[in-house]
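Overview (structure and organization)
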Amino acid sequence: MFSLYKKELRSYYCSPFAYVIAALFLLVFSLSFINGISNLSGNQFKFSFPNVFYNNFFYFIFLIPALTMRTFADERKGGTEVLLMTSPLNVFQIVIAKFLAVSTVFLMMLVLTLFYPLITVLTGEVVWSSLICGYLGFFLWGLVCIAVGILMSSFTESPIIAAILGEGAMIILIFIDNFKDSGLFTNLPKVAQIIGSFSTQERFVSFSQGLFSIADLIFFITATILFVGFTIISVEKRRWSRG
Amino acid sequence: MIQIKNLTKFYGRNAAVKNLSFTVNDNEILGFLGPNGAGKSTTMNIITGFLPSTSGTVTINGLDIAENPSEAKKMIGYLPEIPPVYLDMKVKEYLKFAAGIKGIKRSERSQQVESAMEKLKIKDVEKRLIRNLSKGYRQRVGFAQALLGDPKYLILDEPTVGLDPNQVIEVRNLIKSLKKDHTIILSSHILAEIQAVCERVVIISHGEIRAVDSIKNLEDSMGNSIVLVMKIEGDKDAVAECIKKVSGVLGINDIIFEETGIHTYKIEIEKEDIRKTIMAELIKKDFVIDEVKSEKPNLEEVFVKLTAQAPKKKGLKDLLNEMDSNNPYYNDDLDSSEKEDE
């Protein structure tokens, strides 16, 4: 399993792939950071990391699927799926190895952004609780996105379609809040409540405000496990129905 | 020993493989023959545990591939039709990775990789990206992958596709040399290849087994008659009549037009000696003989006969009988069975 993990990591870092995405991520992160600072001059806004995180929350819609689109789609396209499936590894191990590899790449991206708080600490002040929780929320949300992205990649042979499906799924996950608040459910508070329990935005906001809640933590973790579980089922199912 | 029992695989409503049963004995090379789309690759994919079967069992050395996959898979080295190589990896790197996922101990990996590369003669490209290798080299890298970990059973799906003639011979010799420690299933639609390396063959067509036997038995089952191929100048009907008059001629199977006034005749005869008599008769009548050669029925003919039929529910015995008696109702039979299918 470790071999597969290593090979996956290598496929990211021995090609321009991970670097391009990390660069793009840093670019959008920088932009929101600079935006935050430039607003300071108006003296009406306070610069805070939660805002920066909140802006970047949305960029994941296209960043993460780009990272995950190849995981299973490429294996299937290149015929290398056979190698994995006929090795003594089981589907669970294969999916976990791939998930961990993408998570590692993502973690490295996050580590790179520590640069910004570092500058802030040197020249100003940071609210530690908010920063740490913000990062935690960011990371957990990233894991959910990765799990969704890998699941979408296991549905298709084409990485492009996998990326588009992933983007679609993430848009649904993020904008479920707006859907809940829409006029459709004004008379159906119960339904709105049920839909609301799936909302990710609110939970993320509470994290980025420095509020740590076990319920939110569990929500993100179970969502990740759920999507990883679906991926295992989907890969296994493909074996049965292929032809 | 690999035992395959009543293996059936449906793709949706289409049966790719129907009720396949055969056994592969230890240290033998079993040829797996069939025309394109006969179900060879499907069967191999099921044996290696890549695809699940709809029904039926495959046991590898007593272990069921569906019940005990990780243990059973450790004993198999598989080279699929398309070599499962990562184009963005280097040869050695790829083989090390493959050794890793096969669960070979870290300390043994380098040595295993080295010996596999030596056997397949890919040492000179070990540092190159697989993307930049030719089809033949990729095929050999895939083959090397199958050898990692010295698996007891090797399943090779058309291992010589894309190789040049010299490499084909090298790979065939390699397969023969592997026989000492391995049991090999080799699929191919190249008959010469099967004939060169296998002792026993399984012939399948339309997902059904047509024959499981040694090559020699199959050839013998075609009968002892000899087919004489003669190219003769002269009127077609007159020549045919002249040949038919000779005693010992069983019949003329085929007359092929070559040029105006020249035809090639395929004459089935009982014994080699009759050849002289036929020639004498022909010369007496002033026909000019351009070419004479004799053919023994070979695996190719067995293959063509067995696989050209529409799918039928028939035992092996019936099939062999049918081959013996040069069945004149052959075509009628084919039509009726097609109707049954509809």
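Quantities reported herein were computed from a predicted structural model and do not represent experimental measurements.

All names here are of chain B. On the basis of which strands lie adjacent, the open sheet formed by 4 strands has the order β12-β13-β11-β14 and antiparallel pairing. The outermost strands of the open sheet, each flanked by one partner alone, are β12 (249–259) and β14 (288–295). Adjacent strand axes in the sheet meet at a mean angle of 20° when their direction is disregarded. When β12 meets strand β13 (residues 262–269), the two strands line up antiparallel, connected through 8 bridges. If you follow I252 over to β13, its bridge partner there is I267. In the packing of helix α9 (residues 236–245) onto the sheet, the strands contacted are β11 (226–233), β12 and β13, and the crossing angle to β12 comes to about 155°. Here helix α10 (residues 274–284) sits on the sheet in contact with β11, β12, β13 and β14, set at roughly 165° to β14.

What follows concerns unusual backbone geometry. All names here are of chain B. The phi dihedral of N27 is positive, around 50°, even though this residue is not glycine. Structurally, N27 can be placed in the loop between β2 (14–24) and β3 (29–33). N27 sits in the exposed class, given 12 other C-beta atoms within 10 Å. One non-glycine residue with positive phi stands out, namely K121, at about 55°. As for its position among the elements, K121 is in the loop between α4 (106–120) and α5 (135–147).

The subject of this paragraph is the environment of S158(A). All names here are of chain A. As for its placement among the helices and strands, S158 is situated in the loop between α8 (128–153) and α9 (159–181). Judged by C-beta crowding, with 16 C-beta atoms within 10 Å, S158 ranks as partly exposed. Linking S158 and M85, residues 73 residues apart in sequence, is a C-alpha distance of 19 Å.

With that settled, the discussion passes to the packing of α8(A) against helix α12 (residues 214–241) of chain A. All names here are of chain A. It is the contact of α8 with α12, at a shortest axis distance of 8 Å, that shows an interaxial angle of 15°. Between α8 and α12, the crossing angle belongs to the class labelled roughly parallel. Note on packing geometry: the crossing formed by α8 with α12 is left-handed. Along the contact surface, α8 presents L140, W141, L143, V144, A147, V148, I150 and L151, while α12 presents F220, A223, T224, F227, V228, F230, T231 and S234. Classifying every residue of the contact of α8 with α12 gives 13 nonpolar, 3 polar and no charged.

With that out of the way, let us pick up the domain arrangement of chain B. What the domain assignment reports for chain B is domain 1 (2–219) and domain 2 (224–296). Relative placement of domain 1 of chain B and domain 2 of chain B: their C-alpha centres are 45 Å apart.

Residues and elements named next belong to chain B. The pairing of β11 with β13 spans 8 bridges and is antiparallel. In the strand pairing of β13, E233 is matched with I262. Between β12 and β13, which pair antiparallel in sequence order, lie 2 residues; one of them, G261, sits at a positive phi of approximately 80°.

Membership of the largest hydrophobic core comes to 131 residues, with the highest contact counts inside it found for V144(A), A147(A), Y94(B), L95(B) and L186(B). Counting residues per element, this core draws most heavily on α8(A), which supplies 14 residues. Dropping the residues within four chain positions of it, A147(A) is found in contact with F99(A), T224(A), F227(A) and V228(A). Among the nonpolar cores identified, the runner-up in size contains 9 residues, and M230(B), V239(B), I243(B) and I269(B) belong to it.

Time to look at helix α1 (residues 2–13) of chain A. Along its 12 residues, α1(A) runs 16 Å from first to last C-alpha, staying within 8% of the 16 Å computed at 1.5 Å per residue. Buried within α1(A) we find S3(A), L4(A), K7(A), E8(A) and Y12(A).

Below, the discussion takes up the confidence of the model for chain B. All names here are of chain B. With 88% of its residues at a pLDDT of 70 or more, chain B has an overall mean of 82. Low pLDDT, under 50, characterises residues 326–342; the predicted model gives this stretch 6 contacts beyond four residues in sequence or across chains. As a predicted assembly, this complex carries a pTM of 0.80 together with an ipTM value of 0.84.

Chain-level pLDDT for chain A is 86 on average; 96% of the residues reach the 70-or-more range. Confidence scores differ between elements of chain A, with helix α10 (residues 189–196) of chain A showing the lowest mean pLDDT of 80 and helix α6 (residues 91–113) of chain A the highest of 93.

What follows deals with the packing of α4(B) against α5(B). Residue and element names in this part refer to chain B. Relative orientation of the contacting elements α4 and α5 amounts to 135°, with a least axis distance of 9 Å. Overall, the two elements α4 and α5 adopt an arrangement that is oblique. Like other packed secondary-structure pairs, α4 and α5 cross with a definite hand, here right-handed. Contact residues: A116, M117, K119 and L120 in α4; R140, F143, A144 and L147 in α5. Classifying every residue of the contact of α4 with α5 gives 6 nonpolar, no polar and 2 charged.

Rules used throughout
- Residues numbered from 1 in each chain as written.
- Chains lettered and ligands numbered in written order.
- Predicted model: local features only at pLDDT ≥ 70, side-chain atom pairs only at ≥ 80, totals over all residues.
- Pairing = 2+ DSSP bridges.
- Helix = DSSP H or I, 4+ residues; strand = E, 2+ residues; numbered from the N terminus.
- Axes fitted to C-alpha atoms, helices over the stretch in contact; angles between N-to-C directions.
- Contact = placed C-beta atoms within 7 Å.
- Buried ≥ 20, exposed ≤ 12 C-beta atoms within 10 Å, placed from the backbone.
- Parallel < 35°, antiparallel > 145°, perpendicular 65-115°, else oblique.
- Left-handed = near helix turned anticlockwise from the far one by under 90°.
- Nonpolar A, V, L, I, M, F, W, Y, C, P; charged D, E, K, R; others polar.
- Domains from an automatic or database assignment.
- Core = buried A, V, L, I, M, F, W, Y, C linked by C-beta atoms within 7 Å.
- Expected span 1.5 Å × (residues − 1).
- pLDDT = per-residue confidence, 0-100.

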